[in-house]
Amino acid sequence: MSQYMVEIQLPAVLTEDFTAKIPAQKKKINELMEMGRMMSYALSDDYSRLWCVVRADSEFEVMSLVSEFPLIDYMDPKITKLMFNNVVALRLPMFSLN
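Small disclaimer: the values here were computed from a predicted structure and weren't measured.

Asks: How would you explain the sheet that holds strand β4 (residues 76-81) if you had to name every residue and give the values?
Replies: Overall, antiparallel pairing links the 4 strands, which are arranged β2-β3-β1-β4 in an open sheet. The open sheet has two free edges, formed respectively by β2 (38-43) and β4, since each of these has just one partner strand. When the angles between neighbouring strand axes are averaged without regard to direction, this sheet yields 15°. Judged from the 8 bridges that link them, strand β1 (residues 2-9) and strand β3 (residues 49-56) form a sheet pairing that is antiparallel. The partner of Val-6 across the bridge, within β3, is Cys-52.

Right, dumping it as structure tokens:
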């Protein structure tokens with residue numbers, strides 16, 4: 001399975017309909033993360049762009065996953081296959097007996 005970076009341009013003006021769908025969007029993202037399909041999800045400080053890393057077998061499969069986003073009607077996704085995606089693993093701090 002490969003990893004893909006999905007860069008998503010969001011609208012400049014966030015309508016009531018858009019903001020009403022945000023809870024459903026968060027729920028979908030959490031589901032994909034729990035399934036191990038979505039590796040990361042990030043939003044720019046100015047709310048203009050989203051970035052996510054998705055595990056899939058093809059670009060078509062990535063687009064199928066992204067098309068299930070509740071906010072897809074407001075998104076313009078660009079998909080790039082990654083050669084690698086190095087991340088720092090979250091871990092518990094070192095335990096000290098002192």
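Asks: Explain the nonpolar core to me, using residue names and the numbers behind them.
Replies: Counting 19 residues, the largest nonpolar core has Val-6, Ile-8, Met-38, Val-54, Val-62, Phe-69 and Met-75 as the members making the most contacts within it. Mapped by element, the contributors of at least two residues to this core are β1, α2 (22-34), β3 and α3 (59-66). Broken down by element, the residue count for this core peaks at 4 residues, all from β3. For Phe-69, the contacting residues outside a window of four places in its chain are Ile-8, Gln-25, Lys-28, Ile-29, Leu-32, Met-38 and Met-75.

Asks: Now, about the environment of Asn-85: what can you tell me, with residues and values included?
Replies: Here Asn-85 lies in the segment after β4. In this structure Asn-85 comes out as partly exposed when scored by relative accessible area, which is 28%. The residues touching Asn-85, leaving out its near neighbours within four places in the chain, are Gln-3 and Val-53. A polar atom in the side chain of Asn-85 sits 3.1 Å from the side chain of Gln-3.

Definitions and limits used
Residues numbered from 1 in each chain as written. Predicted model: local features only at pLDDT ≥ 70, side-chain atom pairs only at ≥ 80, totals over all residues. Heavy atoms only, no water. Pairing = 2+ DSSP bridges. Helix = DSSP H or I, 4+ residues; strand = E, 2+ residues; numbered from the N terminus. Axes fitted to C-alpha atoms, helices over the stretch in contact; angles between N-to-C directions. Core = buried A, V, L, I, M, F, W, Y, C linked by side-chain atoms within 4.5 Å. Buried < 20%, exposed > 50% of the residue type's maximum accessible area, 1.4 Å probe, protein only. Contact = heavy atoms within 4.5 Å. Polar contact = N/O pair within 3.5 Å; in protein donor to acceptor, adjacent residues only side chain to side chain.

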